[in-house]
Amino acid sequence: MKHLSVYLWACLAWSQTPDTDWLHYGRNLSGWRYSELSQINSSNVNELTLEWVFQTNVPGKLETTPLVKDNVMYITAAENNAFALDLATGKQIWKYAKEVPRDLQACCGLVNRGFAMLGDTLFKVNVEATLVALDSKTGNVLWETVIDDYRKGYSATVAPLVVKDKVVVGIAGAEFGTRGFIDAYDARTGKRAWRFWTVAGPGEFGGESWPRDTQAFQRGGGSTWVTGTYDPELNLIYWGTGNPGPDMNGDVRPGDNLFTCSLVALDGDTGKRKWHFQYTPHDVHDWDATEDPVLLDVVHEGRKVKAVAMANRNGFYYALDRTNGRLLAAKAYTKVSWAKDIDKNGRPILIPGQDPTPDGNVACPGGGGGHNWQPTAYSPQTGLYYFTSSDGCHTYYMTNQEYVEGQWYQGSTFNGEGLYPKGSIVAVDPATGDTRWRWEMVSPPSGGLMATAGGFVFGGDPQGYFFALDAKTGKPVWHKQLGGTVIAGPMSYSRNGRQFVTVAAGQSVFTFALK
Amino acid sequence: MRLFCWLLGFLLPAALVAQNPFAGNAKEIDVGRGLFRIACTPCHGIRAQGGRGPDLTLGIYNNGNKDEDLFRVIQNGVPGTEMPGYTRFGDDNSWRLVAYIRSLTLRQEKPSQGSAAAGETLFWGKGACGQCHKVGGRGGPMGPDLTRVGRKRSLAYLRQSVVDPNADLTPGFFKITVVTKERRTISGVQRNFDNFSTQFMTVDGKLHSFQREELNSCEREFTSLMPPYRNLSEAELNDLLAYLVSLRGEVAQ
């Protein structure tokens, strides 16, 4: 009898919580980072306990969003490392490692944001700008393709996006005078299927937004280091592009500098541009538009619209009609000193005197922007869009700089000394950008977010806390100190009737569940 | 013969580069500053006071204190560390960088005129600095340890630290104020301040630790708990500074 009740209970739990995977960087192709699991909820969140820890022992920042399929978790780490872990114990099943070329230059650490998966094949970029396909059962290399020459200043950190039978990747290196692009590779062979240049060349559409008869466009930046999203119905890929180069010196590149600091919508088969939207024309503050472009539906003027949301680094939240790139709404979510507002065509109404100068000029938001690349979350349950924000300003400097191939080419820098920026997690109505709540943090945030049907927003902070906020109110309901900065986005999955929540912190991966 | 050529190849440049052609040349220093902003600030900070790389404004370097040592580090980097080599900048630009780095450290070279012995007396006596600062094993633990402060900081910085502590705070030594549920207000110097808890030290050397939910309020101010010493005579101040400059880590710990 006792046995029966145990079985019944187990069956009940099982039926409530079917096995759920996490197969894409952003959980679904729309980039929601929403888990429909609700076993962990306000009635029991206090009982959340550590299930296992996996120590990568890889120095450097851990930015991975783990993937989970069958009984294995797949994570990538810095410096070309990756691991397959047993889901039940966190024990290593295989490890992939490849030496990083000694002469490689990367702006922001030899990091990696995770795998993409198609069938039994895993895809990741290596930091020296290659794309590698691994057999998920063994970690063996199936193929490796050079995306571009790292000696020119290119590097790769992005988690790829699988679109049908292709693997789409972006590139980094806008601080090294490179010309950015988005590439698609045949998943079976690793052969390049198409390339979209994010800096328009002479004679191409947008080419007139760069100075004529100069090499400026070749060094024009526009890197694409955060994973895009895909709408299968429209067959469009949405991908954000980074700052123009050199970052702080706009004098050598008069014009709007298309398609930097933009969102581009590309045909899912050919990579041809369907439309683009430029958030920051002629950027001089390093405000990449490499934030999650999240696909969601909003009601706009009484009509349901397929939208794409982005909390842009320039301090404004934007909702666009994702069928045509038209602006639906734009609203500042943090202190903004450089633009009064965004006009109805999506162009910022500038406030003069905000550009970098040789002796330094303070502008807000700071160089990392308001919201940066950190994973964001959308909950269809609350209808709110969640993201982190650095709230503060930086001093921006401008210097004339000669271009040398493969070398740092930023045209000076920015600096927050003495300005003490803070941070917050913001929940906005995605239709309008109106802030619904804001949880203030003691310093600029570092980690990504995930929303769950249990009614939480999970996140992590620079001081090593992993926490859950009430998705409706922003009140913290649970936290645990992990002893290492959380930079990655959390994720969730279920096995045998139990919901698990996983996040990387420091050099390790932590998995929690109810006792 | 081949060996000879190799040796010559090594020795000749070394023999040629002993002197900085741009030392003290304001115009060249300015060019050096521009170069530094572009290439070096990501690691050494906009004011060369350090970050991922060490503070370069101290005039004391692990890799040698002579101009040619700095030149060598800039050219070759420090193997096995993040410090890259910049041979591609060419000799002139490396010398400009050396001249710029020197211009940051030179300001402090003028020795302080006071008496270190008198300063020591003032420090532990009338100034009551030892209430909050340790030198060697002696003194209170709330403020920064000053055992090596003469190596770490410039004279100008030290002077400012004493007369106007808020002008440039020692990183991390911020003021925390909490109000407990019993309405007791406690202020101290930050040891940790995060989204869920805070730890800080009061002037009596006591460490306090609170979870935010135990408190009515919990604030951090970017101000110093050190009182400004504006009433010292110029002579007293010079004595005190002479003492601080003499603190070079050689005191028994």
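Residues numbered from 1 in each chain as written. Chains lettered and ligands numbered in written order. Predicted model: local features only at pLDDT ≥ 70, side-chain atom pairs only at ≥ 80, totals over all residues. Heavy atoms only, no water.

### Here we look at the overall build of chain B
Cut-off, in case you're wondering: Where helices and strands are cited, they refer to DSSP runs of H or I of at least four residues and of E of at least two residues respectively, numbered from the N terminus. Residue exposure (1.4 Å probe, protein chains only): buried if accessible area is under 20% of the type maximum, exposed if over 50%, otherwise partly exposed. The contact definition used throughout considers only heavy atoms, calling two residues in contact when any of these lie within 4.5 Å. Surface exposure here means Shrake-Rupley accessible area, sampled with a 1.4 Å probe, where a residue is shielded only by the protein chains that are shown.
If you tally the helices and strands in chain B, you get nine helices and seven strands. Counting over 253 residues, chain B shows a buried share of 42%. In chain B, 59% of the contacts between residues at least 6 apart in sequence involve partners at least 24 apart. For chain B, the exposed surface amounts to about 13700 Å²; the carbon and sulfur share of it is 55%.

### Observations regarding the interface of chain B and chain A
This is how the line gets drawn: Buried area is calculated as the accessible area (1.4 Å probe) missing from two parts once they are joined, with the contributions of both summed. Should a side-chain nitrogen of Lys or Arg be within 4 Å of a carboxyl oxygen of Asp or Glu, the pair is scored as a salt bridge. Think of a polar contact as two N or O atoms within 3.5 Å of one another; within protein, one of them needs to be a possible hydrogen donor and the other a possible acceptor, and neighboring residues in sequence only count if both atoms come from side chains.
On the side of chain A, 23 residues touch chain B, which itself brings 22 residues to the contact. Each partner contributes to the roughly 2000 Å² buried at the junction of chain B and chain A, and carbon and sulfur atoms together form 58% of this total. Looking at the side of chain B facing chain A, the largest losses of area belong to I38, N195 and F196 of chain B, adding up to 36% of the total buried there. Applying the counting rule to chain B against chain A returns one salt bridge. Counting across the interface, chain B meets chain A through six residue pairs in polar contact (both at pLDDT 80 or more). For the side of chain B that touches chain A, the secondary-structure elements that each account for two or more residues are helix 2 (26-39) and helix 3 (41-44) of chain B.

### Examining the packing of aromatic side chains
Residue and element names in this part refer to chain A. Defined as follows: Aromatic pairs are defined between Phe, Tyr and Trp rings, using the six-membered ring for Trp, whenever the two ring centres lie within 6.5 Å; interplanar angles under 30 degrees are classed as stacked, those over 60 as edge-to-face, and all others as tilted. Throughout this description, the term charge over a ring refers to an Arg CZ or Lys NZ atom that lies within 6 Å of the ring centre and within 35 degrees of the ring normal.
Here the structure, examined in full by the defined rule, presents 41 aromatic pairs over all chains. Geometrically, the ring pair formed by Y386 and W437 is tilted, given 5.7 Å between the ring centres and 35° between the ring planes. Note that Y386 is positioned in strand 27 (residues 384-391) and W437 in strand 31 (residues 435-441), a separation of 51 residues in sequence. Exposure class is identical for Y386 and W437. Each is buried. Here a set of aromatic residues connected by ring pairs shows up, and it is made of F277, Y279, W287, F316, Y318, W338, Y396 and F414. A cation sits over an aromatic face here: R33 above Y25, 4.4 Å from the ring centre. Here the basic side chain of R273 rests over the ring of F205, its NZ or CZ set 3.9 Å away from the ring centre.

### What to know about helix 6 (residues 116-124) of chain B
What sets the pattern is the α-helix's 3.6 residues per turn: residues three or four places apart point alike. Residues and elements named next belong to chain B. This is how the line gets drawn: Throughout, the arc means the angular range of directions from the helix axis out to the C-beta atoms.
Taken as a whole, helix 6 has its buried residues at G119, L122 and F123. In a view along the axis of helix 6, the buried residues occupy a sector of 100°, so they form one face of it. Looking at helix 6, the residues exposed on the side facing more than 90 degrees away from the buried face are A117 and T121. Where helix 6 is buried, its residues touch strand 1 (134-135) and helix 9 (234-246).

### Focus: unusual backbone geometry
Residue and element names in this part refer to chain A. Of note, the amide linkage connecting G245 to P246 takes the cis form, showing an omega dihedral of -5°. Structurally, the position occupied by P246 is in the loop between strand 16 (236-240) and strand 17 (262-267). For the bond from L258 to F259, the omega torsion is 0°, close enough to zero to count as cis. One can find F259 in the loop between strand 16 and strand 17. At N57, a position not held by glycine, the phi torsion is positive, near 55°. In this fold, N57 is placed in the loop between strand 2 (48-55) and strand 3 (67-69).

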